[in-house]
Amino acid sequence: MSKKPAQPAAPADDAHQAATAVAATATTMDVVAANPLRDPRDKRLPRVAGPCVLVLFGVTGDLAKKKLLPAIYDLGNRGLLPPGFSLVGFARRDWAHEDFAQVTYEAVKEHARTPFREEVWKQLSEGIHFNPGEFSDDGAFDCLAMMLKEIDETRGTGGNYAFYLSIPPKFFSQVVEQLKRTGLANAPDGSWRRVVIEKPFGHDLKSAKELNATVNVVFPESSVFRIDHYLGKETVQNILALRFANELYEPIWNRGYVDHVQITMAEDIGIGSRAGYYDGIGAARDVVQNHLLQLLALVAMEDPTSFDADSLRREKEKVLKAVRLPHDLSTGTVRGQYTAGWQGGESVVGYLEEEGIPQDSKTDTYAAIKLEVANRRWAGVPFYLRAGKRLGRRVTEVAVIFQRAPHLPFSKDDTEILGQNALVIRVQPDEGITVRFGSKVPGTAMEVRDVSMDFAYGEAFMESSPEAYERLLLDVLIGDPPLFPHQREVELGWKILDPIEDHWATHGRPDGYEAGTWGPPSADEMLARDGRVWRRL
Amino acid sequence: MSTFNLTDTTASKISATLTKLRHSMGAPAIGMVLTLVVVCDEGNQYDAVKAATEAAREHPSRILIVINRDPREPSRADAEIRVGEATPGEVVLLRLYGELTKHADSVISPLLLTDIPVVVWWPGGAPAKPAEDAIGKLGSRRITDALAATDADKALRSRSAGYTPGDTDLAWTRLTPWRSLLAAAFDQPMGKVAGGVVEAASGNASAPLLAAWLSYRLKADVKVEDSAGPGLTSVRLTLASGGDLTVERGDARLATLSRPGQPTRRVALARRPTAELLAEELRRLDPDDVYHETVRHMAEQSR
Ligand SMILES: NC(=O)c1ccc[n+]([C@@H]2O[C@H](COP(=O)([O-])OP(=O)(O)OC[C@H]3O[C@@H](n4cnc5c(N)ncnc54)[C@H](OP(=O)(O)O)[C@@H]3O)[C@@H](O)[C@H]2O)c1
C-alpha cells in the first residue's frame, strides 16, 4: 500500500487536500511539485516527515518502551526523521530531560530493531525533552505549551505537533481538553496538529461514539490517527498487492471458487499482568472487533479506485456494511475460557486462577464467529473468525479455502487424502504466503495428496522486518492516513460485535478449553455442522 | 554452509550439482527473486561475495561470481558452490581460464534462474558500455562503481555516452542520504539558488555527481572543490535571497545542517557498507531516469 506515485501535473484537487498540503511540509504530492530537488521518478529518495515535534503521553508505559521509542530510533536510523525532529515525553515523574533521555536510551538499546549507532543517537537525543505533570494539572500543560513554543524556536519545528496518547482511554478526554485549553490543539496557518490514539476504541458502539465525541470536539476527524498496528504490517499490505497487482487470483476470488475463509489470531500467552484491562473485555472486543475485521475487510473488499485514504476506506466500509451475523447466535458463535493445562511444555493456570480475575468471570479468552458477506461476490461463503489466548502456538493468518474440483478423473482411493486448495496469507510470526494444492505422489500410479508451496520475501531472513509501528509513526508525521481506520470503520465493527456480546451476556458462560489446545470442542462442532474443519495450525 | 568444488566443469554439471545440493539439504523452500551476477577479480571477490550474500538476505538470490584468471592458460572453468542454511539463496564462484574468459556469458546464461530479473554488478573495473558487454547484456539492471576507476570523473562522463536504461552506479547510490537530506531541506521553500560548492576528498567519485544533480535540478552553477576528506565533507548552496544553506560532515558520520533564520541541527549521515548500497539497488529494478539525467548533465557541462 505504498503511496501512489505523485503525478507532476496532478489536476487541482479539492480544497480540503490543498489546505492540508499547505499545513504539511512532509513529502506530500504538492510538496514534491514545489521542490526542485524532488521528482516523482526519483524513487530512491524516501518519504521523509517534515520538521515536527512528537509529544508522547504515557512514556513510562509498556507500549512506549517496547514499541514507540524504539520505532522512533529505527526511523532515525533509516534517515526518515527530519532534521530538528524533537520528542517530548510527558509523565507524572520528577524527571529532567536527561532522565527521560536515559529511559529512551535504554528502551532503544533493548528493543530497537536496527543496530545502535552513536551518530543517530546524538541526532535524536539533541531533541529529547521531558515535561513532568499530572493530566489534571493545568500548570503542567501551560508548561508544555511554553516548551513547545521554545522548541519551535530552537529546533525549527514550525508549530507542527503530533500528540500520541499512549495512555488508558479514560484519560483521553482530560488530555484533549487540556490541549484545547492551552490552544495546543489549534494549528496556526501553515502548521498542523494531530492526535494519535490506541485501541481500545470503546467497548461497544455507544462507548466508541462517546470516546470519539470527546476527541472530536477538539480535533477534527482528519487530524485523528487511530492505530491498528496490524495495518502497518508488511504482509497485511501485501494482501492488496497480491489481490490487485495480479491476474492470477482475482478471477477466482469469489463465491464461484472459494468455499470459505478462515481468519485466525492465536496467542500462546495468557493475560499476564493485564488482568485489569482484559477482564470484562475479552477476546472478541480485544482483537476481533478491530484486527480480525480489518483483515476480513482487506480480503473481501472490491478493488479501490486508488490507494488513497478515501478510496480505500470507502471499500472497506462497504464490505463491513455487508457483513451479516448468523441467524442463530448460539450455533454461529462460540466463546471459550482457558482452564489449567500444559502450554508448550509448561504447566499454566486457568483464566479464573490468574491474579486479579474474579471467580465468576464470564470473560471470553477465545471467540469464534461465523460471518457472511452479503454481496454478489461473497453470498453464501462463510467467513470464520477465531481468536484466543493460551492456544497451541502464536500464529495469525488468513486462509482462503477453495472448493473441491467439480470432477476428479481419478479413482476415489487415489484422492482420498486430497484436501481443498488453499491460499494462506501468514501475518505473523512467519510472514509470507503459502499455497496448498494437490500433487502426485512420486512412485505411485496416481496417488494425489496435498503439498504446500511457501513464499517469503526477504523479510523472513532479515534480523527483523520493519516494525508496523515504524511505518505508522512515519505516516502520522507525514500526514498520510490510508493505513488508519476511520471512525466509521470502528463503529461498523461494533455494530457487528454488539449483538454477539449482548447474546453472550444473557446466555450461559464460556465453554472451557484446556490451555495449549485449540479452543473448546464447541468451536470444532460449529464447523462440523457446516461440514468443515478448522485448519490445524 | 556446505561448499562443493568442481574443477574443469561445465554449466550443466554446475546446475546438476546445485539441484543435488538443494535436495540433499532437504530442498529449502525459498523463493528466489533474482539472479545476481558479479564480475570481479580475485582481489575483490571476498568483499563482493560478502556484500552480495548480505544483500541477499533482503532479496533472496542466486549469486554467480565470475572471476577471470589467466587468459594464456588452456580453457577451463572451475566452480565453487556454496549453499548455506544460514543464508538464503546460492552462491557459485566461477573461475575462468584461457579462451573461456572471453566467453563467460556461455557459462553464465544457462545458470540464470528462469524468468526472473538478472542484475549484473561490477564491483571493480567495468566495461565502458555495460549494456553492450557480453555479460552485461544478460542483465536488466547493470551496476557499476566509479569508485574503482582511476579517474572517476572520466568514467562517469563516459557512462553518459553508453547509457542504456537499467544502468546505475554505486557512486550515485552512495549519495542517497545526502540527496535525501537536501531534498528534505528544500521541502520548505528556499527560493532561487545562486550557486554552490560541493567539497570532498580529492578524486571522490560521488562529488561530481552530487554537484551535477544539484546544478541540474536547481539550475545553478555548482562547483566541486577538494577538501581533506574523508569522503564528501560539505555542500554549500548560496541562496539568492541571501545566506547559505550548508551541510557539513567532517567525520563521515554526523553532519550539521544550517540555513538562514533557522537553528543549526545535527543529522546522522553515515557512510553505508556496500551490502546496504547493493540492497538499495535491488529494491527497485526499473530504470533510474534521474541518474541518467544527472550523468548526461555532467557530460554536457564539461563539453
Ligand atoms: N501494550 C500493548 O501491547 C497495547 C496494545 C494495544 C493497545 N494498547 C494501548 O496503548 C496505550 C498504552 O498502553 P500501555 O500498555 O503502554 O499501558 P500502560 O503500561 O498501562 O501505560 C499507561 C501509561 O499511562 C500513564 N498513566 C496512567 N494513569 C495516569 C494518570 N492518572 N496520570 C498520568 N499518567 C497516567 C502511565 O504512567 P504511570 O507510569 O505514571 O502510571 C503509563 O505511562 C493504551 O491506550 C492501551 O490501551 C497497548
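Here, residues in each chain are numbered from 1, in the same order as that chain's written sequence. To read the labels, note that chains go from A and ligands from 1, taken in the order they are written. Where local features are concerned, this predicted model is filtered to residues with pLDDT of at least 70; where side-chain atom pairs are given and counted, the filter is 80 or more; whole-chain, interface and lining totals use all residues.

1. Some details on the overall build of chain B
Right, so step 1: Labels follow the DSSP assignment, with helices taken as runs of H or I lasting at least four residues and strands as runs of E lasting at least two, numbered in each case from the N terminus. Of the regular secondary structure elements, chain B holds nine helices and 14 strands.
Right, so step 2: With the C-alpha coordinates aligned to their principal axes, the bounding extent of chain B is approximately 70 × 40 × 35 Å.
Right, so step 3: Taken over 303 residues, chain B has a buried fraction of 44%.
Right, so step 4: Residue pairs are scored as contacts if the distance between their C-beta atoms, which are placed from the backbone, is within 7 Å. Within chain B, residue pairs in contact and separated by at least 24 positions form 70% of the contacts whose partners lie at least 6 positions apart. Around each residue's C-beta, the other C-beta atoms within 10 Å are counted; 20 or more make the residue buried, 12 or fewer make it exposed, and counts in between make it partly exposed. All C-beta atoms are placed from the backbone.

2. Describing the sheet that holds strand β2 (residues 34–40) of chain B
All names here are of chain B.
Right, so step 1: At least two bridges found by DSSP between two strands is the condition for calling them paired. Read from one edge of the open sheet, eight strands run β1-β4-β5-β3-β2-β6-β7-β8, paired in mixed fashion. Of all strands in the sheet, those bounded by a partner on one side alone are β1 (2–6) and β8 (167–169). In this sheet, neighbouring strand axes are inclined to one another by 15° on average, regardless of whether the strands run parallel or antiparallel.
Right, so step 2: For helices, the axis comes from a line fit to the C-alpha atoms of the stretch in contact; other axes are also lines fit to C-alpha atoms, and the angle between any two N-to-C directions lies between 0 and 180 degrees. Helix α1 (residues 11–24) rests against β1, β4 (76–83) and β5 (90–97) of the sheet, and its axis sits at about 15° to β4.
Right, so step 3: Sheet contacts for helix α2 (residues 45–58): β2, β3 (61–68) and β5; angle to β3, the most-contacted strand, approximately 170°.

3. Quick word on the site of the ligand
Right, so step 1: Using a C-beta atom placed from the backbone, a residue is described as near a molecule or strand when that atom lies within 6 Å of it. Residues in close proximity to the ligand total 19 residues, the closest being Gly58(A), Thr60(A), Gly61(A), Leu63(A) and Glu198(A).
Right, so step 2: The residue makeup of the shell around the ligand, split by class, is ten nonpolar, four polar and five charged. Lys, Arg, Asp and Glu make up the charged group, whereas Ala, Val, Leu, Ile, Met, Phe, Trp, Tyr, Cys and Pro make up the nonpolar group; the residues left over, Gly among them, are polar.

4. So, the domain arrangement of chain A
All names here are of chain A.
Right, so step 1: Each domain of chain A was delimited in the assignment, giving domain 1 (46–198) and domain 2 (232–529).
Right, so step 2: Reported domain spans reflect what an automatic or database domain assignment gives. Computed from C-alpha coordinates alone, the two centres of domain 1 and domain 2 are separated by 34 Å.
Right, so step 3: The interface of domain 1 with domain 2 comprises 15 residues on the first partner and ten residues on the second.
Right, so step 4: Elements represented by at least two residues in the side of domain 1 that touches domain 2 include exactly α3 (62–77) and β5 (193–198).
Right, so step 5: In terms of residue count, α3 provides more of the side of domain 1 that touches domain 2 than any other element does, six residues in total.
Right, so step 6: Of the residues that constitute the side of domain 1 that touches domain 2, the class distribution is ten nonpolar, no polar and five charged.

5. Some points on the nonpolar core
Right, so step 1: Counting 223 residues, the largest nonpolar core has Ile65(B) and Val66(B) as the members making the most contacts within it.
Right, so step 2: If one sorts the elements of this core by residue count, helix α11 (residues 282–300) of chain A sits on top with twelve residues.
Right, so step 3: Filtering out sequence-adjacent residues up to four positions away, Ile65(B) remains in contact with Val38(B), Cys40(B), Gln45(B), Ala48(B), Val49(B), Val91(B), Val92(B), Leu93(B) and Leu94(B). For this entry, the nonpolar core is defined as buried Ala, Val, Leu, Ile, Met, Phe, Trp, Tyr and Cys residues connected by C-beta atoms within 7 Å.

6. A few points about the sheet that holds strand β11 (residues 232–239) of chain B
Residue and element names in this part refer to chain B.
Right, so step 1: With mixed pairing, six strands are arranged side by side in an open sheet as β10-β9-β11-β12-β13-β14. The outermost strands of the open sheet, each flanked by one partner alone, are β10 (221–227) and β14 (262–268). Sheet twist, expressed as the mean angle between neighbouring strand axes with direction ignored, is 15°.
Right, so step 2: Two elements, strand β9 (residues 193–201) and β10, share seven bridges in a ladder whose sense is parallel. Across the sheet, Glu199 pairs through a bridge with Glu225, a residue of β10.

7. Points about the interface of chain A and chain B
Right, so step 1: Every contact between the two is made by 37 residues of chain A and, on the other side, 35 residues of chain B.
Right, so step 2: The set of elements that each furnish at least two residues to the side of chain A that touches chain B consists of α2 (29–34), α5 (118–125), α6 (138–155) and β17 (448–455) of chain A.
Right, so step 3: Considering each element in turn, the side of chain A that touches chain B owes the most residues, four residues, to α5(A).
Right, so step 4: Split into classes, the residues belonging to the side of chain A that touches chain B amount to 14 nonpolar, eleven polar and twelve charged.

8. With respect to the domain arrangement of chain B
All names here are of chain B.
Right, so step 1: You can read the domains of chain B as domain 1 (2–170) and domain 2 (176–268).
Right, so step 2: On a C-alpha basis, the centres of domain 1 and domain 2 stand 36 Å from each other.
Right, so step 3: If you look at the interface, domain 1 gives five residues, while domain 2 gives four residues.
Right, so step 4: Class assignment of the residues belonging to the side of domain 1 that touches domain 2 gives a composition of four nonpolar, no polar and one charged.

9. Some details on the environment of Pro188(A)
Right, so step 1: As for its position among the elements, Pro188(A) is in the loop between α7 (172–181) and β5.
Right, so step 2: Expressed as a C-alpha distance, the spacing of Pro188(A) and Glu355(A), which sit 167 residues apart in the sequence, is 49 Å.

10. Let's talk about the packing of helix α4 (residues 152–161) of chain B against helix α9 (residues 289–302) of chain B
Any two packed helices are characterised by the angle at which their axes cross and by the distance between the axes.
Residues and elements named next belong to chain B.
Right, so step 1: With their axes 8 Å apart at the nearest point, α4 and α9 run at an angle of 110° to one another. Here α4 lies roughly perpendicular to α9, going by the angle between them. Where α4 abuts α9, its residues Leu156, Arg157, Arg159, Ser160 and Ala161 lie against Val295, Arg296, Met298, Ala299 and Ser302.
Right, so step 2: In terms of residue class, the contact of α4 with α9 is made up of five nonpolar, two polar and three charged. Angle categories: roughly parallel below 35 degrees, roughly antiparallel above 145, roughly perpendicular from 65 to 115, and oblique for all the rest.

11. Side note on unusual backbone geometry
Right, so step 1: Residue Lys199(A) is joined to Pro200(A) through a cis peptide bond whose omega torsion reads 5°.
Right, so step 2: By the element assignment, Pro200(A) lies in the loop between β5 and α8 (205–216).
Right, so step 3: Along the chain, Gln428(A) connects to Pro429(A) via a cis peptide bond; the corresponding omega equals 5°.
Right, so step 4: Counting through the fold element by element, Pro429(A) comes out in the loop between β15 (422–428) and β16 (432–440).
Right, so step 5: Positive phi outside glycine occurs at Lys219(B), with the angle close to 50°.
Right, so step 6: For Lys219(B), a count of 10 C-beta atoms within 10 Å gives the class exposed.

12. Overview of the confidence of the model for chain A
One rule of thumb: low pLDDT means the predicted coordinates there are not for detailed reading.
Right, so step 1: Confidence scores here are pLDDT values: one per residue, from the predictor, ranging 0 to 100. Averaged over all residues, the pLDDT of chain A is 90; the fraction at 70 or higher stands at 92%.
Right, so step 2: Scored below 50 in pLDDT, residues 1–24 of chain A makes 30 contacts in the model with residues more than four places away or belonging to other chains.

13. What about the pairing of β16(A)?
Residue and element names in this part refer to chain A.
Right, so step 1: Inspection of the sheet shows β15 paired to β16 by five bridges, in the antiparallel sense. What sits directly across from Val424, in β16, is Thr434.
Right, so step 2: Turn length for the β15-β16 hairpin, with the two strands adjacent in sequence and antiparallel, is three residues.
Right, so step 3: Summarising the sheet, β16 and β17 pair through eight bridges and their orientation is antiparallel. Pairing of Gly438 across the sheet is with Asp450, part of β17.

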